[in-house]
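# Descriptive analysis of the structure
Below, each chain spelled out in residue letters.
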Amino acid sequence: MASAENSEANDAQPVRLPGPRALFLGHPRFHDSELADVAERHGVEAAWRAGYQRFGPSVASRVGGDFAAAFRDDRGNALLVVDRFARCTLCYRLRAGQLEFAERADELAGPASDFDAQSMYNYLYFHVIPAPNTIFRDVLRLPAGHVGHLQAGKLTVAPWWTPIFVESERVPFAELKSRFRRILAESIGREIGTEVVGCFLSGGTDSSTVAGLLGEATGKPAQTFSIGFDAEGYDEMEYARIAARHFGTDHHEYYVTPDDLVSAIPAVAASYDQPFGNSSVVPAYYCAKFARESGVAKILGGDGGDELFGGNSRYAKQRMFDIYRHVPAAARRRLLEPMLGAGPLTRLPGVRKASSYVEQAKVPMPDRLQMYNLLTRLGLSEVLTPDFLASVDPETPARQQRDVYSASADHALINRMLAFDWRYTLADNDLPKVIGATSLAGIAVGFPLLDDALVDFSLRLEPELKLKGFRLRWFFKEALRGFLPDEILTKKKHGFGLPFGVWVNRHEGLKTLATGSLHSLAQRGIVRREFLRRLVDEHLPGHPGYYGEMVWVLMMLEQWLARPQAASLGRRGAEA
């Protein structure tokens, strides 16, 4: 843990290189030539300190790559900063006039740190705890692309990077394609060092692209690693095999079993600094572990391609809903909404679909994205105890999401959704999943599709090239047509989905782990006992795919709360 003492600002003094009680993480690339020279001659810490002395908090905008830095200067001021996507994390708190910081929230928390009831609610709502909150009441996490500056005893936290999309630039497709392919190749090259590098391969567009480019960059077959499930409707291994054959990779496959889940769930849950409920983390862990055991020191992920170039199905879905707002207001109020809003007509199949469309289209973005939120669909009062529900504000998640969405108010719908997902899908969910899984497996990870140059390229790409009509990631696919196999270009996105609900109904050991976790959680006064009983005895057997997700989220919460490291922390918050 590092700390920065609080004091009044004095006249500028020379920076000491290096200084104590500081934290420097990741692989920063200093764009300023003088700072790059300092980093080369004296190291990363020296460059950060020199940059802060010269530019103040705006030094963050002169640094690329994945990084986090936290340090104080000789005047008692302090700087905290994380990269655009928080691939390196930084937590902090002000206590007794001092700013304390660490990579993990649980490093800062001690016996006096209570669990935060609102953060627990946020976890149940999102299945993760988005920044700036953490599970601990007095510990905050620096959001992606943010800087914290302590000066004259006052801490100010603000974005150092906000996506600015250039939407009217018209460039010939051939020129865009050439530039895009060059940037892709360079981004892969930056991830390759002297160690053995492999990559995840789900058989989707992104991971297949990384696998093909990795083979081109190294001049030898890329080592690729895929996860499968022996469960109908969940196994996508055949698409991974198509990509592996197409690029001639050195392909490795591992099929995760229910016994694997029983073995890994406690360790995976405990490895995070707060509850984390993305169910694909365990398959990602086994894939990374398999790669490490195969001699790979670093594995590349394809995360980011969908969010940079418009590949998620919800982008097309929301464009369809956005058409509704262009219907004249009078027609909506006097005709469509009265006819489709309620009444016997809505029970007819065709009318029912139109009624659902109107119901969703009437809700503004980004609230519309949460209309089928699992927690709210099940009913807050049905799931949560009255005491716990009274201690939280159920509207907090929606307000936070509106604030993030509004930061891109002047841009096209597709770009607003992309910027929104950069925060909630990437920085708060998918990247912590992969980084946590690989860290536990003991292997380094890189994300070439989040390279700064590729992000900047996507910012200047016309919105219609990302989502052409209702065709997802049109430019990305067309630019790689002929490089990727046609089957990959036309397949629907799936990823490493986990058949947890199906397995928990069939596998006695997994069911024992899950039900035991829920029974223990019932003692904490957060979730209603009667709901937990119905969830296991009635809902889960009838609809394992749907209700299995809620079982997983609750199980992982209890597994984290019950870990030995958490046993002495935050008891009062857990009982709120």
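Sequence order sets the numbering: in each chain, residues are counted from 1 along the sequence as written. Selection of residues for local features in this predicted model requires a pLDDT of at least 70, selection of side-chain atom pairs for listing and counting requires 80 or more, and totals for whole chains, interfaces and linings are taken over all residues. Water and hydrogen atoms play no part in the side-chain values, which are based on all heavy atoms of the structure.

## Things to note about the overall build of the protein
- Check the secondary structure of the protein and you find 27 helices and 14 strands.
- The reference for a compact globule is 2.2 Å times residues^0.38; the radius of gyration itself is calculated from the C-alpha atoms. In terms of overall dimensions, the protein is globule-like: its C-alpha atoms have a radius of gyration of 24 Å, near the 25 Å expected for 576 residues.
- C-alpha extents for the protein along the principal axes are approximately 75 × 60 × 60 Å.
- Here the protein holds 576 residues, and 56% of them are scored as buried.
- Here a residue-residue contact requires only that any non-hydrogen atoms of the pair lie within 4.5 Å. When contacts within the protein are restricted to residue pairs at least 6 apart in sequence, those whose partners lie at least 24 apart make up 73%.
- Accessible surface is estimated by sampling points in the Shrake-Rupley manner with a 1.4 Å probe; for residues, cover comes only from the protein chains shown. Element-wise, carbon and sulfur atoms account for 51% of the exposed surface of the protein, whose accessible area totals about 24100 Å². Helix and strand definitions follow DSSP, with helices as H or I runs of at least four residues and strands as E runs of at least two, each counted in order from the N terminus. The rule is simple: take the accessible area with a 1.4 Å probe, protein chains only, and divide by the maximum for that residue type; under 20% is buried, over 50% is exposed, in between is partly exposed.

## Section: the packing of helix α8 (residues 258–271) against helix α24 (residues 508–522)
- Interaxial angle, 0 to 180 degrees, is taken between N-to-C directions of lines fitted to C-alpha atoms, where a helix line uses only the stretch in contact. One way to put it is that α8 packs onto α24 with a least axis distance of 8 Å and a crossing angle of 25°. The angle between α8 and α24 places the two elements in the roughly parallel class. You can see that α8 and α24 cross each other, and the crossing is left-handed. On the side of α8, the interface is formed by L261, V262 and I265, while α24 contributes G509, L510 and L513.
- When residues are grouped by polarity, Ala, Val, Leu, Ile, Met, Phe, Trp, Tyr, Cys and Pro land in nonpolar, Asp, Glu, Lys and Arg in charged, and all others, Gly among them, in polar. For the contact of α8 with α24, a count of residues per class yields five nonpolar, one polar and no charged. Angles are sorted into four bins: roughly parallel if under 35 degrees, roughly antiparallel if over 145, roughly perpendicular if 65 to 115, and oblique for all others. Handedness of a crossing follows from how the near helix is turned relative to the far one, being left-handed for an anticlockwise turn of less than a right angle and right-handed for a clockwise one.

## A word on the sheet that holds strand β8 (residues 146–151)
- Read across the open sheet, the five strands follow the order β2-β3-β4-β8-β9; overall the sheet is antiparallel. One side of each edge strand has no neighbouring strand; the edge strands of this open sheet are β2 (23–30) and β9 (154–159). Put simply, the sheet's adjacent strands are angled 20° from each other on average, direction ignored.
- Any two strands with at least two DSSP bridges between them are considered paired. Here β2 pairs with strand β3 (residues 63–72) via eight bridges, running antiparallel. Counterpart to H27 in the pairing with β3 is D66.
- Those strands touched by helix α2 (residues 44–55) are β2, β3, β4 (78–82) and β8, and its axis lies near 75° from that of β2.

## Points about the packing of aromatic side chains
- Note on aromatic contacts: the rings of Phe and Tyr and the six-membered ring of Trp form a pair at centre separations within 6.5 Å, being stacked when their planes are under 30 degrees apart, edge-to-face when over 60 apart, and tilted otherwise. One pass over the full model with this rule turns up 35 aromatic pairs.
- Their ring planes at 40° and their centres at 5.7 Å tell us that F165 and W422 sit as a pair that is tilted. You can see F165 sitting in the loop between β9 and α5 (173–191) and its partner W422 sitting in helix α18 (residues 413–441), a full 257 residues away along the chain. Each of the two residues, F165 as well as W422, counts as buried.
- Here the aromatic rings of Y546 and Y547 are separated by 4.9 Å at their centres, their planes lie at 90°, and the arrangement is edge-to-face.

## Quick word on unusual backbone geometry
- Cis geometry marks the peptide bond from A131 to P132; its omega dihedral reads 15°.
- Locating P132 in the fold gives a position in the loop between α4 (117–126) and β7 (140–141).
- For the peptide bond that leads from M365 to P366, omega is 0°, which places it in the cis range.
- For P366, the position within the fold is in the loop between α13 (349–361) and α14 (374–378).
- In the Ramachandran plot, A152 falls in the positive-phi region, its phi being about 55° despite a non-glycine side chain.

## Section: the confidence of the model for the protein
- Each residue carries a pLDDT score, the predictor's confidence in it, ranging from 0 to 100. Summary statistics for the protein give a mean pLDDT of 90 and a share of 90% for residues scoring 70 or more.
- Throughout residues 1–20 the model reports pLDDT below 50, and contacts reaching past four residues in sequence, or to other chains, amount to 56 contacts.
- Long-range and interchain partners of residues 567–576, a stretch whose pLDDT sits below 50, account for 25 contacts in this model, where long-range means more than four residues apart.

## Details of helix α26 (residues 544–561)
- By this rule, a helix spans an expected 1.5 Å times one less than how many residues it contains. For α26, spanning 18 residues, the distance from its first C-alpha to its last is 25 Å, which sits close to the expected 26 Å at 1.5 Å a residue.
- Burial of α26 is extensive: 14 of the 18 residues sit out of reach of the surface.

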